[in-house]
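For reference, the chains in residue letters:
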Amino acid sequence: MLMKKCILSAVCAVVLMFAGCGSSSDNSSSGAVDQNTATGEDLSLQKVLDNGKLVLGLDATFKPMGYTDENDQIVGFDIDVATEVCSRLGVTLETYGVNWDTKEVDLDAGTIDCIWNGLSVSEERQKVMLMSDPYMKNKMVFVVNSDSDIATLDDLKGKTVSVQNGSTAQETLAAADISADITVTELSTNVEALNQLELGMCDAAFLDSVVADYEINSGRAFKVLDEGLYEEDYAIGFRLGDKALCDKINEILKEMKEDGKLAEISTKWFGSDVTTIS
């Protein structure tokens, strides 16, 4: 009888141990998201203040918004603005590289606090993340080599066009009438798309005008077709429940617009104030 009691106690202990492990894993899997749900409070801003840092997700290839320079430093318009925002919040900025095609996974997991890297507003993205006030306009354009004989959308028929996977450019191109007449090559970054174009591996690239203009002004031999497909806004993406953090950053961006700091940063990167914060 004593032996049976010992065996029964051991089995119960093992069951309780596994039950405890399962509970711990479930509660910690998504960080602040679960904490907000459990308490009924929005602790997103307080979490950033308590941690002393804002973790910004980016793919670090999006010139001039956020990219790695020749000194292996993360720089760009979005980075300068985010650094100023963090300074006014009293925290430091930390950047975290994400795969743009699966960026929402890092956001939902709590690995990053926001996605801030030329993030275009779309209906699909608004379903899965909370978007800040738009801060810049952008247009989707076709880019070809400067010596190309392609001048119109009709000239693109039968051609190969490269586009970044997971981008609104990809979504826009897929929904456009011209998609039935071209071959689309999906690549991981805009950098790859432009490099393939330069090497003659595709006939055109479809991407943000902000990127195209920056590359052309930097001396690369590209030209933009007059006919684009879509105008959009850039905004910052947060987890759906993180309204407190989103509202605070919106507030700071408005302060920066009013005191001229946002215009100063914009002029540094674009030659004038192209921001749309009001």
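Everything that follows concerns the structure shown earlier in this document.
About the cut-offs
Residues numbered from 1 in each chain as written. Predicted model: local features only at pLDDT ≥ 70, side-chain atom pairs only at ≥ 80, totals over all residues. Heavy atoms only, no water. Helix = DSSP H or I, 4+ residues; strand = E, 2+ residues; numbered from the N terminus. Buried < 20%, exposed > 50% of the residue type's maximum accessible area, 1.4 Å probe, protein only. Contact = heavy atoms within 4.5 Å. Axes fitted to C-alpha atoms, helices over the stretch in contact; angles between N-to-C directions. Parallel < 35°, antiparallel > 145°, perpendicular 65-115°, else oblique. Left-handed = near helix turned anticlockwise from the far one by under 90°. Pairing = 2+ DSSP bridges. Salt bridge = Lys/Arg side-chain N within 4 Å of Asp/Glu carboxyl O. Nonpolar A, V, L, I, M, F, W, Y, C, P; charged D, E, K, R; others polar. Lys, Arg positive; Asp, Glu negative; His and termini not counted. Polar contact = N/O pair within 3.5 Å; in protein donor to acceptor, adjacent residues only side chain to side chain.

Side note on the environment of Lys-257
Here is step 1: As for its placement among the helices and strands, Lys-257 is situated in helix 10 (residues 243-259).
Here is step 2: Since its relative accessible area comes to 24%, Lys-257 is described here as partly exposed.
Here is step 3: Between the C-alpha atom of Lys-257 and that of Thr-276, which follows or precedes it by 19 residues, the distance is 9.0 Å.
Here is step 4: With residues up to four places along the chain from it excluded, the contact list for Lys-257 reads Leu-262, Asp-273, Thr-275 and Ile-277.

Quick word on the packing of helix 4 (residues 77-89) against helix 11 (residues 261-270)
Here is step 1: Remark: helix 4 packs on helix 11, axes separated minimally by 9 Å, with the N-to-C direction vectors making an angle of 160°. If you check the angle between helix 4 and helix 11, you find them roughly antiparallel. Here the hand of the crossing between helix 4 and helix 11 comes out right-handed. Contacts between helix 4 and helix 11 involve Phe-77, Asp-80, Val-81, Glu-84 and Arg-88 from the first element and Lys-261, Leu-262, Ile-265, Ser-266, Lys-268, Trp-269 and Phe-270 from the second.

Notes on the pairing of strand 13 (residues 230-238)
Here is step 1: In terms of strand pairing, strand 6 (residues 114-120) meets strand 13 through 3 bridges, oriented antiparallel. Across the sheet, the residue bridging to Ile-115 is Gly-237, located in strand 13.
Here is step 2: Sheet topology note: the strand 8 (residues 136-145)/strand 13 ladder contains 5 bridges and is antiparallel. Residue pairing for strand 13: Lys-137 is matched across the bridge by Asp-233.

Comments concerning the pattern of salt bridges
Here is step 1: Using the criterion set out here, one finds 18 salt bridges in the structure.
Here is step 2: The partner of Asp-113 in a salt bridge is Arg-239, and the shortest N-O contact between them spans 3.8 Å. With Asp-113 in the loop between helix 5 (103-109) and strand 6 and Arg-239 in the loop between strand 13 and helix 10, this residue pair connects regions lying 126 residues apart in the sequence.
Here is step 3: Its relative accessible area of 3% is what places Arg-239 among the buried residues.

A look at the environment of Lys-103
Here is step 1: Mapped onto the elements of the fold, Lys-103 is located in helix 5.
Here is step 2: Taking C-alpha positions, Lys-103 is 8.8 Å from Asp-59, a pair spaced 44 residues apart along the chain.
Here is step 3: For Lys-103, the residues in contact, after removing those within four places along its chain, are Val-98, Ile-112, Ile-115, Leu-119, Arg-125 and Gly-166.

Examining unusual backbone geometry
Here is step 1: Of note, the bond from Lys-63 into Pro-64 is cis; its omega dihedral lies within 30 degrees of zero at 0°.
Here is step 2: Summarising the element assignment, Pro-64 is placed in the loop between strand 2 (61-62) and strand 3 (66-68).
Here is step 3: Even without being a glycine, Ala-60 presents a positive backbone phi close to 60°.

A word on the sheet that holds strand 3
Here is step 1: Pairing is antiparallel across the open sheet formed by 3 strands, whose spatial order is 2-3-4. Since the sheet does not close on itself, it has two edges, and those belong to strand 2 and strand 4 (74-75), each with one partner.

So, the pairing of strand 6
The side chains of a regular strand alternate, residue by residue, between the two faces of the sheet.
Here is step 1: Buried residues dominate strand 6, accounting for 7 of its 7 residues.
Here is step 2: Bridge analysis of strand 1 (residues 53-58) against strand 6 gives 2 bridges, and the strand direction is parallel. Bridging across to strand 6, Leu-56 finds its partner in Cys-114.

Considerations on the packing of helix 3 (residues 44-51) against helix 10
Here is step 1: Between helix 3 and helix 10, whose axes approach to 5 Å, the crossing angle comes to 75°. When the axes of helix 3 and helix 10 are compared, the pair comes out roughly perpendicular. Along the contact surface, helix 3 presents Ser-44, Leu-45 and Val-48, while helix 10 presents Lys-243, Ala-244, Leu-245 and Lys-248.
Here is step 2: Partitioned by chemical class, the residues of the contact of helix 3 with helix 10 number 4 nonpolar, 1 polar and 2 charged.

So, the side chain of Arg-125
Here is step 1: Tracing the sequence through the fold places Arg-125 in helix 6 (residues 123-128).
Here is step 2: Nearest to the buried, unbridged Arg-125 among oppositely charged side chains is Glu-104, at 4.7 Å.
Here is step 3: Within the structure, Arg-125 has its side chain in polar contact with the backbone oxygen of Ser-120 (distance 2.9 Å).

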